[in-house]
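If you want the building blocks of each chain, they are given just below.
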Amino acid sequence: MLLQKLQQFLYGRYGSDKLSLFLLVVGLLFSLLGRLFFWPLFLIADVLYFYALFRILSRNIPARQREYSAFLKVWNPIEGWLRLQKRKWKERGQYKYFKCPSCRQRLRAPRGRGKIQVTCQRCKTVFLKKT
Ligand SMILES: [Zn+2]
């Protein structure tokens with residue numbers, strides 16, 4: 001009975017996505033900062049929570065999808081960069097990361113091989129690198 005009512009209530013609504021989750025996490029961060037440093041930061045947290053809830057329960061799905069796609073345009077490069085940093089940190093003992101001097105392509109080479117000759121796979125530039 002109650003479950004059925006809940007299903008009816010949620011039917012046709014947008015639901016959650018990465019942007020809603022992001023808003024909730026940032027809201028949580030502001031709550032924490034508000035508790036530690038400056039209480040008005042709670043107000044920002046409340047606005048973020050409210051916006052996340054509004055998005056999740058919204059019936060205007062095309063508008064939410066437009067917001068989400070705009071969010072992803074900004075978020076995807078950041079997420080990619082974070083993923084690369086995580087990978088660099090995980091492989092820091094085995095690989096050295098660097099960029100091609102002419103095309104800026106990201107490259108990696110095994111560590112401890114001394115000075116090696118590197119050929120960029122994208123632009124075929126050859127250069128020396130100490131690993
Ligand atoms: Zn290159």
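Residues numbered from 1 in each chain as written. Predicted model: local features only at pLDDT ≥ 70, side-chain atom pairs only at ≥ 80, totals over all residues. Heavy atoms only, no water.

## Details of the packing of helix H3 (residues 41-57) against helix H4 (residues 61-90)
For step 1, the next point in the chain: Contact pair H3 / H4: the axes reach a minimum separation of 9 Å and the direction vectors enclose 125°. The angle between the axes of H3 and H4 places the two elements in the oblique class. From H3, Tyr 51, Phe 54 and Arg 55 reach across to H4, where they touch Arg 64, Glu 67 and Tyr 68.
For step 2, the next point in the chain: Taken together, the residues of the contact of H3 with H4 break down into 3 nonpolar, no polar and 3 charged. (Axes fitted to C-alpha atoms, helices over the stretch in contact; angles between N-to-C directions. Helix = DSSP H or I, 4+ residues; strand = E, 2+ residues; numbered from the N terminus. Parallel < 35°, antiparallel > 145°, perpendicular 65-115°, else oblique. Contact = heavy atoms within 4.5 Å. Nonpolar A, V, L, I, M, F, W, Y, C, P; charged D, E, K, R; others polar.)

## Side note on the nonpolar core
For step 1, the next point in the chain: Formed by Phe 98, Cys 100, Leu 107, Ala 109, Ile 116, Val 118, Cys 120 and Phe 127, the largest nonpolar core amounts to 8 residues.
For step 2, the next point in the chain: Those elements giving two or more residues to this core turn out to be strand S2 (106-110) and strand S3 (115-119).
For step 3, the next point in the chain: For Leu 107, the residues in contact, after removing those within four places along its chain, are Lys 96, Tyr 97, Phe 98, Cys 100, Val 118, Cys 120 and Phe 127.
For step 4, the next point in the chain: The next biggest cluster of nonpolar side chains, apart from the first, holds 6 residues, and it includes Leu 19, Leu 23, Ala 52 and Phe 71. (Core = buried A, V, L, I, M, F, W, Y, C linked by side-chain atoms within 4.5 Å. Buried < 20%, exposed > 50% of the residue type's maximum accessible area, 1.4 Å probe, protein only.)

## Notes on the coordination of the zinc ion
For step 1, the next point in the chain: Around the zinc ion, the protein contributes the donor atoms Cys 100 (SG), Cys 103 (SG), Cys 120 (SG) and Cys 123 (SG), which lie 2.2 to 2.3 Å from the metal centre.
For step 2, the next point in the chain: Classification of the site at the zinc ion as tetrahedral follows from its 4 donor atoms and the range of 106 to 113° in their angles at the metal.
For step 3, the next point in the chain: The sequence pattern formed by the donor residues of the zinc ion is C-x2-C-x16-C-x2-C. Within this pair, whereas Cys 100 is found in the loop between strand S1 (95-99) and S2, its partner Cys 123 is found in the loop between S3 and strand S4 (126-130), the two being separated by 23 residues in sequence. (Donors = N, O, S within 2.8 Å, 3.2 Å for Na, K, Ca; no water. Tetrahedral: all angles 85-135°; square planar, octahedral: opposite > 155°, others 65-115°.)

## What to know about the pattern of salt bridges
For step 1, the next point in the chain: In the structure shown here, the tally under the stated rule is 7 salt bridges.
For step 2, the next point in the chain: A salt bridge links Glu 67 to Arg 64; the shortest N-O distance between them is 2.9 Å. Of this pair, Glu 67 and Arg 64 are both found in helix H4, 3 residues apart, which corresponds to roughly one turn of the helix.
For step 3, the next point in the chain: Overall, Glu 67 belongs to the partly exposed group, its relative accessible area being 22%.
For step 4, the next point in the chain: Between Glu 79 and Arg 83 there is a salt bridge, and its shortest N-O distance comes to 2.8 Å. With Glu 79 and Arg 83 both in helix H4 and 4 residues apart, this pair spans about one turn of that helix.
For step 5, the next point in the chain: Accessibility expressed as a relative area gives 55% for Arg 83, which makes it exposed.
For step 6, the next point in the chain: Via salt bridges that share partners, Asp 17, Arg 55, Arg 64 and Glu 67 belong to a single interconnected network. (Salt bridge = Lys/Arg side-chain N within 4 Å of Asp/Glu carboxyl O.)

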